[in-house]
Amino acid sequence: WTLAIAREPMKMLGRSIVSLSALATVRSAEGFSFSRPAFLGVLAFASSGVRPSSSKSQGTGSDLNCADGTHANSSGFCGMTETMYDKEYPGTATARMHAVRSRVAELTEKDLNGKWEDVRRRLLWAGGLKDLPYAVPGQGYTGHSFNDYNHVDLTTMNDESSDNTNEGQVKGIVIGNRLGPGIRFASLPELGPGGSWSTCALGCNYNPPQDVAHLQFRSRIAFKLVWVPNANFDTFVLVDDDGKLLAQGTPSDGPEGLPSLRERMLNYRIMRDSKYQTAADEVASNMTTS
């Protein structure tokens, strides 16, 4: 059967933006298919106004550059593996990023406000990661994900970027920081091409961000977990790469069942003076006045 996203002009914030056009014939014989979350990610991307980079101001799909330097087809697809290209952050697995955000939108009140370990597992699922608390660190271990102040960036990187290392560009992070094998082992395949990882947020308070996602992997984040500065730091928000609020929760076994108070306070501290702080402050303010 055939899925089609039509090309048509759209008005967004008073500007005319041409949507991404995409046409994919889904046949098992061709080895190409969309899971429901991945297809929702494509739909979200198509309506976002972001387009593959173009070597000309206007042109057909054959004029559009793909991440590997080849040309997109007439429908805007870059081969059979990566369908979208982020010019500013070319390491982003863009379809996967939007599929992750679609899963975040599906999280229920129970998912976000249950016991912390259950909440954390749902965040892993939404982010396209397996729950692997007993795996070897560096080889798929995800027991640290969202469990300390720093490993709170759900990053979706494409296959070409997953083996990138830190050559010193990310301050405060070990030189090397080889994550590729763990990314491949722990990533859920149904969210589309590329992989997922909970990367370090240190450096995210700069503009532009100077953290592992944006520098080492040259990728946007799908979401970031930030602890809210209320009395007990027992509520969290999930925000996207622009700092926009996606979801929030207050685990039922907090504060005792949460990561330590020190970790939660440090988490908020490294967001200070950045776009990622805003939503947490607004939630804290609303909790104070309500």
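Right above here is the structure, for reference.
1. Some details on the nonpolar core
Within the largest apolar cluster, 53 residues are counted, with the highest numbers of intra-cluster contacts made by Val104, Trp116, Phe146, Leu225, Phe236, Leu238 and Met271. For this core, the element with the most residues is strand β7 (residues 221-227), which contributes six residues.

2. Some remarks on the packing of aromatic side chains
For the structure on display, the rule yields five aromatic pairs. Pairing Phe146 with Phe223 gives two aromatic rings, centres 5.8 Å apart and planes at 15°, and the pair type is stacked. Remark: Phe223 occurs in strand β7 and Phe146 occurs in the loop between α4 (116-126) and β5 (151-157); sequence separation between them is 77 residues. The residues Phe146 and Phe223 share a single accessibility class, namely buried. Their ring planes at 80° and their centres at 5.8 Å tell us that Trp227 and Phe236 sit as a pair that is edge-to-face.

3. With respect to unusual backbone geometry
In this structure, Pro208 follows Asn207 across a cis peptide bond, with omega equal to 0°. Omega for the peptide link from Gly254 to Pro255 comes to 0°, which places this bond in the cis form. Its location among the elements puts Pro255 in the loop between β9 (245-249) and α7 (261-269). Of note, the phi angle at Phe146 is positive, near 65°, even though the residue is not glycine.

Analysis parameters
- Residues numbered from 1 in each chain as written.
- Predicted model: local features only at pLDDT ≥ 70, side-chain atom pairs only at ≥ 80, totals over all residues.
- Heavy atoms only, no water.
- Core = buried A, V, L, I, M, F, W, Y, C linked by side-chain atoms within 4.5 Å.
- Buried < 20%, exposed > 50% of the residue type's maximum accessible area, 1.4 Å probe, protein only.
- Helix = DSSP H or I, 4+ residues; strand = E, 2+ residues; numbered from the N terminus.
- Phe/Tyr/Trp six-rings, centres within 6.5 Å; stacked < 30°, edge-to-face > 60°.

Remember that the coordinates give geometry; whether it matters functionally is a separate question.
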